[in-house]
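# Structural overview
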Amino acid sequence: MTSEAKKVPVGCPHDCGGSCLLIAHVENGVVKRITTDESPSDEPGADQLRACLKGRAYRQRLYHPDRLKYPLKRAGKRGDGKYERISWDEALDTVADKMLAIRDEYGAISIMNMSHSGAMLCAYHHGAHAIEKLLNMFGGQTYLHGIISNPGTVDATFQMYGSVFSANEREDLINSKMIIMWGWNPADSIFGTNTSYYLSLAKEAGAHVVAVDPRYTDSAATFADQWIPIRPTTDAAMLIAMAYVIINEDLHDKDFIDKYTIGFDKFKEYVMGQEDDVPKTPEWAERITGVPAATIAELARAYATARPAALCAGFGPGRTNNGQQFNLAAATLCAMTGNIGISGGETGASVFGYPIQTKVMHFPAGASSDSVSVHWNKWADAIIEGRAGGYPTDIKMVYSVAGNTVNQLGNVRKAEKALNMLDFMVAQDHFLTATARYADIVLPATTQFERSDVVIPWLYGHYIIYSDKAIEPYEECRNDLDICADLAGRLGIKKFNDTSEEEWLKYLTGGAGIEDWDEFKRRGFLKYELDEPHVAFREQIEDIENNPFSTMSGKIEIYSQSAAESDKPGVTPHAKYVAPEPSELDEGFPLRLITGHSKKSCNSMFYNLPWVKETEPQEVWINSMDAEARGIANGDVVKVSSAVGATVLPARVTERIIPGTVNIDQGIEFELDADGVDTKGSANAVCPDGHTSTEITPYNSTKVQVEKA
Ligand SMILES: Nc1nc2c(c(=O)[nH]1)N[C@H]1C(S)=C(S)[C@@H](COP(=O)(O)OP(=O)(O)OC[C@H]3O[C@@H](n4cnc5c(=O)[nH]c(N)nc54)[C@H](O)[C@@H]3O)O[C@H]1N2
Ligand SMILES: Nc1nc2c(c(=O)[nH]1)N[C@H]1C(S)=C(S)[C@@H](COP(=O)(O)OP(=O)(O)OC[C@H]3O[C@@H](n4cnc5c(=O)[nH]c(N)nc54)[C@H](O)[C@@H]3O)O[C@H]1N2
Ligand SMILES: [Mo]
């Protein structure tokens, strides 16, 4: 007998920047259909939280034939994917025995926690939170520090504004007269639920839209009146030349600069050439960026006179050597034109928007004073070199939850070498990922459909989602917290968790102003009613005397004294174009590589779903000039190589990318052949694994060669 379908609200917690409502239509315990937010559009609060195609295709992920169904034990070489089914008891006993033995012999910190951002937007116990707590209670861990996504943006916004709450809400775009999508492609990379919708509204309202990007992206194609192709890693030069034009033509907002900023004069000396005898003219920038001087000057004039104008900076340009200079320069331009703290403006270094992060807490993981850390990009070196190489400890074991580090950090060949040196590895995931297939024990975790949680937006949006358990766990899958709690028992850890799910959720959302919990659960969301969209630093601009910026001076620091006093290499007191140091990794590799975040995946997730795969194939974009010089025709299979490795994939010969630069979308999982060459077109088979002195992972500074395979 079929019962009637019930509709259950579920929040999508994956790390794309959106945080959308999925409505699971459940019949007889099976999700039959997924729709999205259909609440009436005239309701107060946030707009409908409409899901993307990946969220709506989630049934294919939930019930994918390759989904992990039960615990697995390795039955072949690390990496070859041969496993056999074991019981939960055998799996957890094995993990606990190994952990105890490793702690006895080498200490708890010889366990590296490689968990990452797969279920980033959970407030509660799922994804990486529980394992962090377990390892802390076990005596500490080696965790991985640094931010992969946007360290340049975070540093720049702290340096200039003293806060990471530096983004306007997307709804506010409708108030902009001009929008510059600078290395920003939200048609693909989401960056907040409904961003594309708000861009459409802005365009309908008459905003002039310009895209500055090495690629003619789908965002540029859909929204932009003008595409300005630029060589990657050179953006700071173009922005600084725009500052030159604005100063030279007296278009800067002197009142704003006087009242709200400090250090403009020092920056001006640099721009006009008094500091180093190099005036930063558009002609100077043309040589660096490849953008015609006249185009730079024209954009500068348009931006300076279009107020309010939103300079929306993506994270791609910051994922380069000296990437923080991009955001410092962009933020400086926003300040010079008085576009900060006003509706329709933007800050050029946007991290968080509406401060939901202060209202909903994450599951508390505690801390252990014995823990040590290494930078994300050094995880493999830390295993390979250990204490002898200057790392804090010798790593014997890796535990990975909700991360695919082997695939998502550079230099997968080195990763393979490191993992083969371990005594033991555990991975907890939904699939036998490129990381999980090196594990000795693989544990199957539930998805958001099989548990309850609270899901919050990544950057922008004044809402929280109640994600209700729609179905029982798939096959033998278990919740991350329950797995860790069972392990805790076996490890002799007491009081790992004595709080019920509902109590946790109420506690973690205690500051979120939920008046009627049952109604929150029933509807599946709480949308805060705001009079107008949140604008970063509005309070400071409206009343600087009483609401100073959280910088040392209380103002926007176009010149930062504390940065001037910093002894960290790469830190500069004001925005500067710093040419990258020549690297031996670049020799013999003439083309620049960028690695975009695309609609066909969320990092390494979703590309295995037929409906998602249909959207676009994995290809390397190459300009026809570069292709012709190499005898490459559209669709030819090519080999892309760098100093650290190579990958093979079809070429898309196109004018949609600037000559001299190629693009491989990041996220696709690698598979190495007998020669160590990746056969799937995975970006990190070619991106190296270093980081800059300011801890940036400079994927988009990679140099490669392309040839017919
Ligand atoms: N669908 C989808 N959405 C996602 C993700 C995903 O994988 N898939 N990932 C999520 C995550 S974790 C993050 S951190 C964000 C990432 O978001 P971003 O980092 O902003 O995304 P990218 O595609 O890397 O870069 C944005 C644009 O910058 C361009 N670009 C690259 N280098 C340069 C440069 O030097 N100068 C200029 N001007 N442009 C450059 C690229 O061509 C691209 O169009 O997206 C999030 N959203
Ligand atoms: N070349 C290149 N590489 C990049 C980037 C780039 O621009 N260029 N971008 C980088 C960026 S910005 C980021 S943030 C990183 C992302 O790096 P990661 O966080 O390592 O990548 P994801 O693909 O998000 O990994 C998520 C994994 O978590 C699993 N997962 C999801 N939900 C759950 C859950 O509830 N429980 C458990 N146990 N598992 C779950 C998924 O199945 C998936 O395997 O990648 C980086 N890699
Ligand atoms: Mo990210």
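Counting starts from 1 at the beginning of each chain's written sequence and moves along it residue by residue. Written order decides the labels, with chains lettered from A and ligands numbered from 1. With the structure being a predicted model, the display of local features is reserved for residues of pLDDT at least 70 and the display and counting of side-chain atom pairs for 80 or more, all residues being used for whole-chain, interface and lining totals. Here the side-chain values reflect all heavy atoms present in the structure, with hydrogen atoms and water set aside.

## Points about the nonpolar core
Residues W182, M238, F267 and L299 are the most contacted members of the largest nonpolar core, which totals 63 residues. The helix count covers DSSP runs of H or I at least four residues long, the strand count covers runs of E at least two residues long, and both are numbered beginning at the N terminus. With 12 residues, the single largest contributor to this core is helix α9 (residues 235-248). Leaving out residues up to four positions away in the same chain, F267 has contacts with I240, A243, T332, M336, I558, H574 and A575. Among buried residues, those of type Ala, Val, Leu, Ile, Met, Phe, Trp, Tyr and Cys that are joined through side-chain atoms within 4.5 Å constitute a nonpolar core. Working definition: with a 1.4 Å probe on protein chains only, accessible area under 20% of the residue-type maximum means buried, over 50% means exposed, and in between means partly exposed. Grouped together as the second largest cluster of nonpolar side chains are 50 residues, V398, V620, A627 and A651 included. Note on contacts: a residue pair is in contact if any heavy atoms of the two residues lie within 4.5 Å.

## Structural notes on the site of ligand 2
Around ligand 2 sit 36 residues in total, of which S117, N404, Q408, D429 and S604 are the nearest. Within the contact set of ligand 2, an oxygen atom lies 2.8 Å away from a backbone nitrogen or oxygen of N404. H597 places a side-chain nitrogen or oxygen 2.9 Å from an oxygen atom of ligand 2. Residue-level accessible areas treat just the shown protein chains as cover; the underlying method is Shrake-Rupley with a 1.4 Å probe. If ligand 2 stood free it would expose 920 Å²; the protein chains cover 99% of that surface. As a working rule, the residues Ala, Val, Leu, Ile, Met, Phe, Trp, Tyr, Cys and Pro are called nonpolar, Asp, Glu, Lys and Arg charged, and the rest polar, with Gly in that last group. Looking at the shell around ligand 2, its residues break down into 10 nonpolar, 20 polar and 6 charged. For this description, a residue counts as near a given molecule or strand if any of its non-hydrogen atoms is within 4 Å of it. Nitrogen and oxygen atoms within 3.5 Å of one another constitute a polar contact, given that in protein one can donate a hydrogen and the other can accept it, and given that sequence-neighbouring residues count only through two side-chain atoms.

## Remarks on the sheet that holds strand β16 (residues 441-444)
Two strands are counted as paired when DSSP detects at least two bridges linking them. A sheet is described by the order of its strands in space; here 8 strands give the open sequence β5-β4-β16-β15-β14-β6-β7-β13, paired in mixed fashion. Two strands close off the open sheet at either side, each with one partner strand: β5 (83-85) and β13 (372-375). Geometrically, the sheet is characterised by an average inter-axis angle of 25 degrees between neighbouring strands, direction not taken into account. Pairing analysis gives 4 bridges linking strand β15 (residues 424-429) to β16, with the strands arranged parallel. Its bridge partner being in β16, V426 is matched across the sheet by I441. Only the stretch in contact is used when a helix axis is fitted, and all axes are lines through C-alpha atoms; the angle between N-to-C directions ranges over 0 to 180 degrees. Taken strand by strand, helix α18 (residues 480-490) contacts β14 (397-401), β15 and β16, and its axis lies near 150 degrees from that of β14.

## Some points on the sheet that holds strand β21 (residues 591-594)
Read once around its circumference, the closed barrel built from 6 strands follows the order β21-β25-β22-β24-β23-β26, with strand pairing classed as mixed. Taking each pair of neighbouring strands and ignoring which way they run, the sheet shows an average axis angle of 45 degrees. In this sheet, strand β25 (residues 661-664) lies alongside strand β22 (residues 620-622) in antiparallel orientation, the contact comprising 3 bridges. Bridged to W621 within β25 is N663.

## As for the packing of aromatic side chains
Only Phe, Tyr and Trp rings are paired, with Trp represented by its six-membered ring, and only when their centres lie within 6.5 Å; those with planes under 30 degrees apart are stacked, over 60 edge-to-face, the remainder tilted. Scanning all chains against the criterion turns up 21 aromatic pairs. On the numbers, 4.9 Å between centres and 55 degrees between planes, the contact of F191 with F315 is tilted. Of this pair, F191 sits in the loop between α6 (186-189) and α7 (195-204) while F315 sits in the loop between β12 (309-313) and α14 (324-336), placing them 124 residues apart in sequence. Judged by centre distance (5.9 Å) and plane angle (85 degrees), the rings of Y466 and W517 are edge-to-face. Here W517 lies in helix α20 (residues 517-523) and Y466 lies in strand β18 (residues 463-467), a separation of 51 residues in the sequence.

## What about α18?
Along α18, the residues classified as buried are D480, L481, I483, C484, L487 and A488. End-on, the buried residues of α18 take up no more than an arc of 160 degrees, which puts them together on one face. Directly beyond the C-terminal end of α18, a positive phi value near 75 degrees is found at G492. By construction, the arc corresponds to the directions joining the helix axis to the C-beta atoms.

## Describing the state of the cysteines
The disulfide criterion is simple: two cysteine sulfur atoms within 2.5 Å. Per the counting criterion, the structure on display carries 0 disulfides. For the unlinked cysteine C52, the closest cysteine sulfur is that of C16, found at 5.9 Å. Looking at C52, the relative accessible area reads 23%, which means it is partly exposed. With no disulfide of its own, C602 has C16 as its nearest cysteine by sulfur position, at a separation of 5.1 Å.

## Remarks on unusual backbone geometry
Between R307 and P308 the backbone carries a cis peptide bond, its omega angle lying at 0 degrees. Inspection of the secondary structure assignment puts P308 in the loop between α13 (293-305) and β12. Backbone geometry at F537 places phi at a positive 65 degrees, although glycine is not the residue there. Assignment of secondary structure puts F537 in the loop between β19 (525-527) and α21 (538-542). For F537, a relative accessible area of 5% translates into the label buried.

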